[in-house]
Amino acid sequence: MPRMKAIQAAVQILQREGVRHAFGVPGAAINPFYAALRESGAITHVLARHVEGASHMAEGYTRTTAGNIGVCVGTSGPAGTDMLTGLYSAAADSIPILCITGQAPVARLHKEDFQAVDIAAIAKPVTKLAMTVLEPAQVPGAFQQAFHLMRSGRPGPVLIDLPFDVQLGEIDFDIDAYEPLPVHRPAATRIQVEKALDMLEAAERPLIVAGGGIVNADAADLLVEFAELVGVPVVPTLMGWGTIPDDHRLMAGMAGLQTSQRYGNATLLASDLVLGIGNRWANRHTGGLEVYRRGRRFVHVDIEPTQIGRVFPPDLGIVSDAGLALERFVEVARERQAAGRLPDRGGWAEECAERKRTMLRRTHFDDVPVKPQRVYEEMIKAFGKEVRYVSTIGLSQIAGGQFLHVYRPRHWINAGQAGPLGWTLPAALGVCVADPEATVVALSGDYDFQFLIEELAVGAQFNLPYIHVLVNNSYLGLIRQAQRAFDIDYCVQLSFDNVNSPEIGGYGVDHVKVAEGMGCKALRVQEPAEILPALEQAKKLMAEFRVPVVVEVILERVTNISMGTEIDNVVEFEELATRGEHAPTALGALDLDQMQFLD
């Protein structure tokens, strides 16, 4: 039996489990891991500038490709606590990442050693497993269990904490005798699916709500096949956006309080049965449950048993992996189609499509300073269907959810439940590592951008090119809009007169200079007509220099983006589209000119 350090065995297991990249920051307590990593040479490492940034890079990496598991690495003490936000974000969205931390020697854990903290106890609430390994011989089993848990049931993150002496302890280990543990995924039974389809057939206006569990299961094709078989329109959640292409005839729009379309909300309110697959009834999707549930029945399919009934009791709950459930749904639907049992949903589908053609928000404004809606209109023109968008939170992300188009799963990569500021930039770098040939476009407001702005240097150092669209109103825009309810505008302004950049006119931070100082390229846009040329120039700069390119658009200081407290009471702050030229990149825009509107 080969004899080796426990940390060498750990690195070999990472390789066997499919890990090819890691993101992190070395330190004294984790240096044995880095020595083993260098000796192996099989796992490339991206050096982050902040350990939280490394955790978000790992998230972006996982979210990009089915089967990926991002790995983030840090030393003892604050490295682990810095990564907690990434662990929380991953846990909230069912994203598997592995966090590896160094630790003080076992004998000194209770002696308040330098940077010794019980990170396993701290991380426990936001992980599927958080453990400090106390014996070298337990290291292989700890890693084996970590990968098993990350992939089984509801996916999620794991933290393994490795004391310095445990890493260096010698053990007998043969990688050829190592096998990953079988992954456990519950599957819907035929009886359950038949009962759900019975309810679907009995409904007059059914909908499918497609959640992020379908993305995790890599089952978007099955979703589309099932929707087409039964003729039922689909409302994706924010985490499920892209599971059905935005231009598909059965894509009925997103519903919710913020990242939603008018037609998506209207269609959900018109439905009488909702089949939710791989979703969790998030409050920004549902709004108030009285409004959301009124007049309709619900079927809920979710991989996590305790998720069924967590938000409200469905009429039928099915514990199942979304992909395995959809396989059975397709199987039974085909049989019923062959038997002539499936009702014709053409009228209902056309009713939903009519809303999609007509209930549009306006995007084309020529105002200076720029109105944010125009930015998304120009982004649609500049980037094709294969673009991968990355965003996290704020008015920029909310407007992106309302106006952009997504056609593929994993092409809208978003921190959904946690929404940590600063997430976008490092997550985009993780996406670039996972898919080096992709066109990656990040979307941020100025505050999100500034949170982890130092990670731009990582993109320059490791040649990770992407375009970062920065919409700058020099405000905490979403919080300012929320403060309207309190009749205040307090502690949310980021504007100041920059003594080194008077040309930016009181917008504070000179993001162009900062980006250039980090080794990246940057452009600033002041007028609507400049946006598309700047995006085209950014694509050329990205290809030539192989570094991140920031395109900053100076926005009007105050814009209120459509949102509300109930899905039947979303406030529209801007005039709506009444002619085709008002929303030229909307998917129904070609139909608008054929419609009759009252002036």
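Our subject is the structure listed above.
Residues numbered from 1 in each chain as written. Predicted model: local features only at pLDDT ≥ 70, side-chain atom pairs only at ≥ 80, totals over all residues. Heavy atoms only, no water.

*Asks:* Give me the lowdown on the overall build of the protein, citing residues and values where you can.
*Replies:* Scanning the protein for helices and strands turns up 25 helices and 21 strands. Against the compact-globule benchmark of 25 Å for 599 residues, the protein has a radius of gyration of 25 Å, which places it among compact chains. Over its C-alpha atoms, taken along the principal directions, the protein stretches across nearly 80 × 70 × 45 Å. Intrachain contacts of the protein at a sequence separation of at least 6 include 75% that bridge at least 24 residues. Just so you have it, the protein exposes about 23,000 Å², and 51% of that area is on carbon and sulfur atoms. (Helix = DSSP H or I, 4+ residues; strand = E, 2+ residues; numbered from the N terminus. Rg over C-alpha atoms; globule rule 2.2 N^0.38 Å. Contact = heavy atoms within 4.5 Å. Areas by Shrake-Rupley, 256 points an atom, 1.4 Å probe, with all protein chains shown as cover.)

*Asks:* Go over the sheet that holds strand E18 (residues 521-525), please, and point to the residues and values.
*Replies:* Hydrogen bonds between backbone groups are what pair the strands of a sheet, and the pairing can be parallel or antiparallel. Taken together, the six strands give an open sheet; going across it, the order is E15-E14-E16-E17-E19-E18, and neighbouring strands pair in parallel fashion. Each having just a single partner strand, strand E15 (412-414) and E18 make up the two edges of the open sheet. The average undirected angle you get between the axes of adjacent strands in this sheet is 20°. Examined bridge by bridge, strand E14 (residues 388-391) and strand E16 (residues 440-445) share three bridges and lie parallel to one another. (Pairing = 2+ DSSP bridges. Axes fitted to C-alpha atoms, helices over the stretch in contact; angles between N-to-C directions.)

*Asks:* Help me get a handle on the sheet that holds strand E6 (residues 129-132), residues and values and all.
*Replies:* Taken in spatial order, the six strands line up as E3-E2-E4-E5-E7-E6 in an open sheet, and their pairing is parallel. Every other strand in the sheet has two partners, leaving strand E3 (44-47) and E6 as the edge strands with one partner each. Within the sheet, the average angular offset between the axes of one strand and its neighbour, ignoring direction, is 20°. With five bridges connecting them, strand E4 (residues 70-74) and strand E5 (residues 97-103) associate as parallel partners. Counted as the bridge partner of Cys 72 is Cys 99 from E5. Across the sheet, helix H3 (residues 51-64) touches strand E2 (21-24), E3, E4 and E5, and the angle it forms with E4 is around 170°.

*Asks:* Please give an account of helix H19 (residues 424-434) that cites residues and values.
*Replies:* Of all eleven residues making up H19, eleven are buried, and the element is well covered by its neighbours. For H19, the complete set of buried residues consists of Thr 424, Leu 425, Pro 426, Ala 427, Ala 428, Leu 429, Gly 430, Val 431, Cys 432, Val 433 and Ala 434. (Buried < 20%, exposed > 50% of the residue type's maximum accessible area, 1.4 Å probe, protein only.)

*Asks:* Describe a nonpolar patch on the surface, and please don't skip the residues or the numbers.
*Replies:* Taken together, Phe 486, Ile 488 and Tyr 490 make up a surface patch of nonpolar side chains, about 380 Å² in accessible area. For Phe 486, the position within the fold is in the loop between helix H22 (477-483) and helix H23 (511-517). (Patch = residues over 30% accessible without salt bridge, like charges linked within 9 Å, V, L, I, M, F, W, Y side chains within 5 Å. Salt bridge = Lys/Arg side-chain N within 4 Å of Asp/Glu carboxyl O.)

*Asks:* Outline helix H17 (residues 372-382), supporting the account with residue identities and numerical values.
*Replies:* Most of H17 sits inside the fold, with ten of its eleven residues counted as buried. Those residues of H17 not exposed but buried are Pro 372, Gln 373, Arg 374, Val 375, Tyr 376, Glu 377, Glu 378, Met 379, Ile 380 and Ala 382.

*Asks:* Please provide a residue-by-residue account of the pattern of salt bridges, values included.
*Replies:* Applying the stated criterion across every chain, the model contains 39 salt bridges. One salt bridge connects Glu 354 with Arg 357, and the closest N-O pair in it is separated by 2.5 Å. One end of the pair is Glu 354 and the other is Arg 357, both in helix H16 (residues 346-358) and three residues apart, which spans about a single turn. The class of Glu 354 is partly exposed, set by a relative accessible area of 30%. Overall, Arg 357 belongs to the buried group, its relative accessible area being 18%.

*Asks:* Got a sec to walk through the pairing of strand E17 (residues 467-472)? Specific residues and values, please.
*Replies:* Extensive coverage of E17 is indicated by the burial of six of its six residues. Burial along E17 is two-sided: Ile 467, Val 469 and Val 471 facing one way and His 468, Leu 470 and Asn 472 facing the other are all buried. Bridge analysis of E16 against E17 gives five bridges, and the strand direction is parallel. Bridge pairing in E17 places Ser 444 opposite Leu 470. Sheet topology note: the E17/strand E19 (residues 549-554) ladder contains six bridges and is parallel. Within E19, the position partnered with Leu 470 by the bridge is Glu 552.

*Asks:* Summarise the state of the cysteines; cite the residues concerned and give the values.
*Replies:* Tallying each qualifying case throughout the model produces zero disulfides. No disulfide involves Cys 72; its sulfur sits 4.3 Å from that of Cys 99, the nearest cysteine. You can call Cys 99 buried: its relative accessible area is 0%. (Disulfide = S-S within 2.5 Å.)

*Asks:* Account for the packing of aromatic side chains, naming residues and giving values.
*Replies:* If you walk through the whole model with that rule in mind, you get twelve aromatic pairs. Seen in terms of ring centroids, Trp 281 and Phe 312 are 5.1 Å apart; in terms of plane orientation they differ by 40°. Their pairing is tilted. Pair noted here: Trp 281 is in the loop between strand E11 (273-277) and helix H13 (283-286) and Phe 312 is in the loop between strand E12 (297-302) and strand E13 (316-319), with a separation of 31 residues, a long-range link. Here Phe 312 falls in the buried class, since its relative accessible area comes to 2%. (Phe/Tyr/Trp six-rings, centres within 6.5 Å; stacked < 30°, edge-to-face > 60°.)

*Asks:* Go over unusual backbone geometry with me, naming the residues and quoting the values.
*Replies:* Across the junction of Val 368 and Pro 369, the peptide omega takes the value 0°, indicating a cis bond. For Asp 218, which is not a glycine, the phi torsion comes out positive at approximately 55°. With respect to the secondary-structure elements, Asp 218 resides in the loop between helix H10 (212-216) and helix H11 (220-230). For Asp 218, a relative accessible area of 55% translates into the label exposed. A positive phi angle is found at Arg 546, which is not glycine, with a value near 55°. Inspection of the secondary structure puts Arg 546 in the loop between helix H24 (531-545) and E19. Residue class for Arg 546 comes out partly exposed when judged on its relative accessible area of 37%.

*Asks:* Account for the pairing of E18, naming residues and giving values.
*Replies:* When E18 meets E19, the two strands line up parallel, connected through five bridges. Across the sheet, residue Arg 524 finds its bridge partner in E19, namely Glu 552. This β-α-β element, E18 to H24 to E19, shows right-handed connectivity. (Right-handed = clockwise from strand over helix to strand, strands pointing away.)

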